[in-house]
Amino acid sequence: IFNSIIDKLKENIEKNGQQKLLYDIEIPLSKLLAEMEDLGFGVDAEGIEKYGEMLDKKIYEMQKQIYNYVGYEFNINSPKQLGSALFESLGLPAGKKTKSGYSTSAEVLEGIRYAHPVVDDILEYRTLTKLKSTYCDGMIKVIEKDGRIHSKFNQVETRTGRISSTEPNLQNIPVRTDIGRELRRFFIAKEGHVLVDADYSQIELRVLAHVANDENMIEAFKNNEDIHAITASQVFHIPSEMLTPLMRSRAKAVNFGIVYGISAFSLSKDIGVTVKEAKEYINNYLDHYSGVNRYMKEVIEDAEEKGYVETMFKRRRYLPEITSSNFNLRSFGKRVAMNMPIQGAAADIIKIAMLKVENRLIAENLKSKLILQVHDELIVEAPEDESKKVAAILKEEMEKAVNLKVPLIAETSIGKTWYDAKV
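Residues numbered from 1 in each chain as written. Predicted model: local features only at pLDDT ≥ 70, side-chain atom pairs only at ≥ 80, totals over all residues. Heavy atoms only, no water.

Draft legend 1. Representation of the overall build of the chain in the model. Per the secondary structure count, the chain includes 17 helices and 12 strands. For 423 residues, the compact-globule formula gives about 22 Å, and the C-alpha radius of gyration of the chain, at 24 Å, lands near that figure. With respect to the three principal axes, the spread of C-alpha positions in the chain is 65 × 60 × 55 Å. Contacts in the chain between residues at least 24 apart in sequence constitute 65% of all its contacts with a sequence separation of at least 6. Carbon and sulfur atoms provide 50% of the accessible area of the chain, an area that totals close to 21800 Å². Taking the 58 positively charged and 63 negatively charged side chains of the chain as two groups, their mean positions are separated by 3 Å. (Helix = DSSP H or I, 4+ residues; strand = E, 2+ residues; numbered from the N terminus. Rg over C-alpha atoms; globule rule 2.2 N^0.38 Å. Contact = heavy atoms within 4.5 Å. Areas by Shrake-Rupley, 256 points an atom, 1.4 Å probe, with all protein chains shown as cover. Lys, Arg positive; Asp, Glu negative; His and termini not counted. Charge placed at Lys NZ, Arg CZ, Asp CG, Glu CD.)

Right, here's the structure in full:
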């Protein structure tokens, strides 16, 4: 039975043209990921403990402030008690009341920030408690005797082909807030070594330009222009020198939102404009990037006909949802059809880059080792005297991992800690 299953799988892989994906990318990568798990990432346990103590103090102060605003003590972590405190005791504008009480989700609280300063404090309190429990307490538990964290990498967990990380998830270290970013200070290189960090610049938009064969986007990337500023200029119909930072920020949201099949409603909520304005932004974008517009329509039609989408490297995702009679499921299927070939190809490209980097490190007889991948970012632990050479190898191998119609750009930096290597 076992042999017949293998034969059937081989037959399907050949029929789908996936031999290269399996034999040139995934199988060699499994060996590299096993080595990365074994190597682990050095951490400063004492630093994490002190950081945790600092968070505890901040949490206590925030708690007192919240109690002062509300006028009594209650369990801030209880949605029922928090809902009662905000919407009954303080009389803040509430959403619908359900059987279990008022909703106190992040989305609801974000919507009433203007109503009372306590709302900001509650959101901050949640950020701090999450940092303390998930990251400080969670990471201390998984530091092994060698003083390193050995995360597990999974090749087959995500539907897009992205590598995921568990126990702990090192791909989820917070980066959006200053206090969250501080955690990266406690991921350190061992004695006599540094961390060399390399990041792809806007890889998903570059893949989109390539697969959509969009002339305007290709031209912008070839000329090394600011893609968000160009988009802003087109969306708002004004010269780039007259753009404000807010306009660029909104155009950036449109650029990345398009890759994820964003609706006008979702975009309006993300950037704080009316649905009508958001719809106009999207339409102006699609008028300018007509190749992207054409690609989005074609990829949905293709998925409806075939029942799946695939990346340029033949990685597939089957999409039964796209022909569902349920509108929400069908809409989900369409969004995935637009996004998966882009995000999946970006994931495939970084996997290829990882293998090329590893092969170069071995070929040049270097002691440096790849220790972490976080989506578009690679981290190598290198002896200090090899660091500059390693940075050059990372840049070179990542940028020439594949040939696209636009250049791939990788930016490198070096530091003793992950935080220093990212600044």
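Next comes the rest of the account.
Draft legend 2. Up close: the packing of helix α3 (residues 45-70) against helix α6 (residues 117-142). At a minimum axis separation of 9 Å, α3 and α6 run at an interaxial angle of 155°. By the angle between their directions, the pair α3 and α6 is classed as roughly antiparallel. In this structure, α3 crosses over α6, and the sense of that crossing is left-handed. Within the contact of α3 with α6, the residues separate by chemical class into 17 nonpolar, four polar and six charged. (Axes fitted to C-alpha atoms, helices over the stretch in contact; angles between N-to-C directions. Parallel < 35°, antiparallel > 145°, perpendicular 65-115°, else oblique. Left-handed = near helix turned anticlockwise from the far one by under 90°. Nonpolar A, V, L, I, M, F, W, Y, C, P; charged D, E, K, R; others polar.)

Draft legend 3. Representation of empty space enclosed by the protein within the structure. Following the criterion strictly, the structure yields one cavity of 30 Å³ or more and no others. The calculated volume of the largest cavity comes to roughly 50 Å³. Around the largest cavity sit Arg 162, Ile 163, Ala 346, Ala 347, Ile 350, Gln 373, His 375 and Asp 376, which together line it. Ranked by the residues each element gives to the lining of the largest cavity, the list is headed by helix α15 (residues 327-363), at three residues. Taken together, the residues of the lining of the largest cavity sort by class into four nonpolar, two polar and two charged. (1 Å grid on protein atoms, 1.4 Å probe; cavity = no way out; pocket = protein on both sides within 12 Å on 5 of 7 lines; lining within 4 Å. Points joined across faces, edges and corners; volume = space filled by probe spheres on them.)

Draft legend 4. Region of the structure containing the environment of Glu 167. Note that Glu 167 resides in the loop between β6 (164-166) and α7 (178-181). Judged by relative accessible area, which is 52%, Glu 167 ranks as exposed. Separated by 25 residues in sequence, Glu 167 and Val 142 have C-alpha atoms that sit 7.5 Å apart. Residue contacts for Glu 167: discarding those within four places in its chain leaves His 150, Ser 151 and Lys 152. (Buried < 20%, exposed > 50% of the residue type's maximum accessible area, 1.4 Å probe, protein only.)

Draft legend 5. View of a negative patch on the surface. Together, Glu 298, Glu 301, Glu 304 and Glu 305 give the surface a local cluster of negative charge. Position of Glu 301 relative to the elements: it lies in helix α14 (residues 290-306). (Patch = residues over 30% accessible without salt bridge, like charges linked within 9 Å, V, L, I, M, F, W, Y side chains within 5 Å. Salt bridge = Lys/Arg side-chain N within 4 Å of Asp/Glu carboxyl O.)

Draft legend 6. Quick look at the nonpolar core. Core analysis: the largest hydrophobic core is formed by 129 residues, its most contacted members being Tyr 200, Leu 208, Tyr 285, Val 292 and Ile 349. Those residues in contact with Val 292, other than ones at most four positions away along the chain, are Leu 208, Ala 212, Asp 214, Met 217, Ile 258, Tyr 285 and Leu 286. (Core = buried A, V, L, I, M, F, W, Y, C linked by side-chain atoms within 4.5 Å.)

Draft legend 7. Representation of the packing of helix α8 (residues 203-212) against helix α9 (residues 215-222). Taken N-terminus to C-terminus, the directions of α8 and α9 make an angle of 130°; their axes are 8 Å apart at the nearest point. When the axis of α8 is compared with that of α9, the two are oblique. Once α8 is placed against α9, the crossing between them reads as left-handed. Contacts between α8 and α9 involve Leu 205, Arg 206, Leu 208 and Ala 209 on the former and, on the latter, Met 217, Ile 218 and Phe 221. Looking at side-chain class alone, the contact of α8 with α9 contains six nonpolar, no polar and one charged residues.

Draft legend 8. Geometry of helix α4 (residues 79-89). Within α4 the residues assigned to the buried category are Leu 82, Gly 83, Ala 85, Leu 86 and Phe 87. Looking straight down α4, one finds its buried side chains confined to an arc of 165°; they lie on one side. Looking at the buried positions of α4, the neighbouring elements they touch are α3, β3 (101-102), α5 (106-111) and α6. The positive-phi residue at the C-terminal boundary of α4 is Gly 91, with phi of around 65°. (Arc of directions from axis to C-beta.)

Draft legend 9. Broad picture of the confidence of the model for the chain. Of the residues in the chain, 100% have a pLDDT of 70 or more, and the chain-wide mean is 93. Taken element by element, the chain is modelled with least confidence in strand β2 (residues 97-98), mean pLDDT 74, and with most confidence in helix α16 (residues 387-399), mean pLDDT 98. (pLDDT = per-residue confidence, 0-100.)

Draft legend 10. Spatial organisation of the side chain of Ser 268. For Ser 268, the position within the fold is in helix α12 (residues 264-271). Relative accessible area serves as the criterion here: at 6%, Ser 268 is assigned to the buried category. Here the side chain of Ser 268 touches Phe 265 through a polar contact of 2.6 Å, landing on its backbone oxygen. When near neighbours in sequence (up to four residues on either side) are disregarded, Ser 268 contacts Val 273, Thr 274, Val 275 and Ala 278. (Polar contact = N/O pair within 3.5 Å; in protein donor to acceptor, adjacent residues only side chain to side chain.)

Draft legend 11. View of the pairing of strand β10 (residues 369-374). A large share of β10 lies buried, amounting to five of its six residues. In this sheet, strand β11 (residues 377-383) lies alongside β10 in antiparallel orientation, the contact comprising five bridges. The residue of β11 that forms the bridge with Leu 372 is Ile 379. (Pairing = 2+ DSSP bridges.)

Draft legend 12. How the structure looks around α3. The terminal C-alpha atoms of α3 lie 37 Å apart, and with 26 residues this matches the ideal 38 Å at 1.5 Å per residue to within 8%. What α3 keeps buried is the set Gly 47, Ile 48, Tyr 51, Gly 52, Leu 55, Ile 59, Met 62, Ile 66, Tyr 67 and Val 70. Packing partners of the buried residues in α3 comprise α4, α6 and α7. Of the residues trailing α3, Gly 71 is marked for its positive phi of about 100°. (Expected span 1.5 Å × (residues − 1).)

Draft legend 13. Unusual backbone geometry, seen in detail. Between Glu 167 and Pro 168 the backbone carries a cis peptide bond, its omega angle lying at -5°. Note on placement: Pro 168 falls in the loop between β6 and α7. For Asn 224, which is not glycine, the phi torsion reads 55° and is therefore positive. Residue placement: Asn 224 occurs in the loop between α9 and α10 (227-236).

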